[in-house]
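Examining the three-dimensional arrangement
This is what each chain is made of:
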Amino acid sequence: MDFGEAYLVGHLDGKSNNILKLIPPDNGFIIEAACGINNIHLVSKNGKYWLFDKRARIWKNLNQILNVERPEKCEDKQIIVTKVACGTRINLAVDNLGSLFSVPSRLDLRVLVSAVACGKEHALILTTDSTVYSWGTGSRGQLGHGSVDDESHPRELAALCGLRVIAVAAGGWHSCCITEQRDLYAWGWNASGQLGFAGETQEEVDGRRRVTSVLAEPSVVDWPGDSINVSQVACGSRHTIALLDDCSVWGCGWNRYHQVCATLPQTIFGMTRLAVPPNLKVNRIICGEWNTAFVAESNQSPPVVE
């Protein structure tokens, strides 16, 4: 595999562990990609925005959506997609002007968007002024507005007012964000411990664990031990992975398929440090619905040749 190439890996054509190389019609160098249930959205270095239909195995050029209701003040600028995110019901794209698309429609927002994330039925956006908005299905508190109501349009998270947010992530029915102070906030569905709360959200009742299953507003996640600084967060369907600034990796939530760690129990309550080979330095974390991947580099010095 080379830089700029895209591959679809998993259960394909009735077989597990298949690999399909994705080659867009322009043979472009891929710089951004997001995978949904039926489609994959890819952006090439030359500015092309492609949709790949996994079932029909056909490509569709989506660049025409960028000219829908094109802002008059930007008529002379080249507009290209810079970020994409896929969910079950919502697919998002952001262009180099900070405009947001719920593909294929441009959303009329009075803010500039810097990052996007999609859950199964909800979406988060982070604006250039560090504000978080959410919309979609709210049945498990995943929107963070203090209720389980749905929202048809992006709505600012009042509970985060006064905090500067630098990153957002969306799981199946839960959400997370990182603030400028490097704290991790989580909200939404917690039936499998995916919000990372090990203390106040669970208790023993008649010898059985009782867990707060829905948290409808953002709450800061506590870590065991000393204070920490979170640098990245990624969410799967029912699990959460965090990377700290000391390069340690932590996780919580549903672990039925070992998507958090093969040596941990099926359900993990509270952020737990994951075993990473000592010779590796993790630089990036990525979660699929039921899997997790790290991008890492060796931290061992090459042998000295005399």
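Everything discussed here concerns the structure shown above.
Here is a short report on the structure shown in this document. (Residues numbered from 1 in each chain as written. Predicted model: local features only at pLDDT ≥ 70, side-chain atom pairs only at ≥ 80, totals over all residues. Heavy atoms only, no water.)

The next subject is the pairing of strand β4 (residues 39-44). Along β4, five of the six residues are buried, which leaves the element largely enclosed by surrounding structure. The loop that links strand β3 (residues 30-35) with its antiparallel partner β4 comprises three residues. Judged from the five bridges that link them, β4 and strand β5 (residues 49-53) form a sheet pairing that is antiparallel. Paired with Ile40 across the strands is Phe52, a residue of β5. Counted between consecutive antiparallel strands, the loop separating β4 from β5 contains four residues, among which Gly47 sits at a positive phi close to 95°. (Buried < 20%, exposed > 50% of the residue type's maximum accessible area, 1.4 Å probe, protein only. Helix = DSSP H or I, 4+ residues; strand = E, 2+ residues; numbered from the N terminus. Pairing = 2+ DSSP bridges.)

Our next topic: the sheet that holds strand β12 (residues 122-127). The strands making up a sheet associate through backbone hydrogen bonding, with each pair oriented either parallel or antiparallel. If you trace the four strands from one edge of the open sheet to the other, you get β11-β12-β13-β14, paired in antiparallel fashion. Among the strands making up the open sheet, the edge pair consists of β11 (113-118) and β14 (151-156). Strand-to-strand, the axes of this sheet are offset by a mean angle of 15°, without reference to chain direction. Where β12 lies against strand β13 (residues 132-136), five bridges are found, and the strand directions are antiparallel. Bridging across to β13, His122 finds its partner in Gly136. (Axes fitted to C-alpha atoms, helices over the stretch in contact; angles between N-to-C directions.)

All right, on to unusual backbone geometry then. Following Val103, the chain continues to Pro104 via a peptide bond in cis, the omega torsion being 10°. By the secondary structure assignment, Pro104 is in the loop between β9 (100-102) and β10 (105-106). Backbone geometry places Asn27, a non-glycine residue, at a positive phi of 55°. Topologically, Asn27 is positioned in the loop between β2 (15-22) and β3.

With that out of the way, let us pick up the sheet that holds β10. Read across the open sheet, the four strands follow the order β7-β8-β9-β10; overall the sheet is antiparallel. Of all strands in the sheet, those bounded by a partner on one side alone are β7 (81-86) and β10. Here three bridges tie strand β8 (residues 91-95) to β9, and the two strands are oriented antiparallel to one another. Its bridge partner lying in β9, Leu92 is registered against Ser102.

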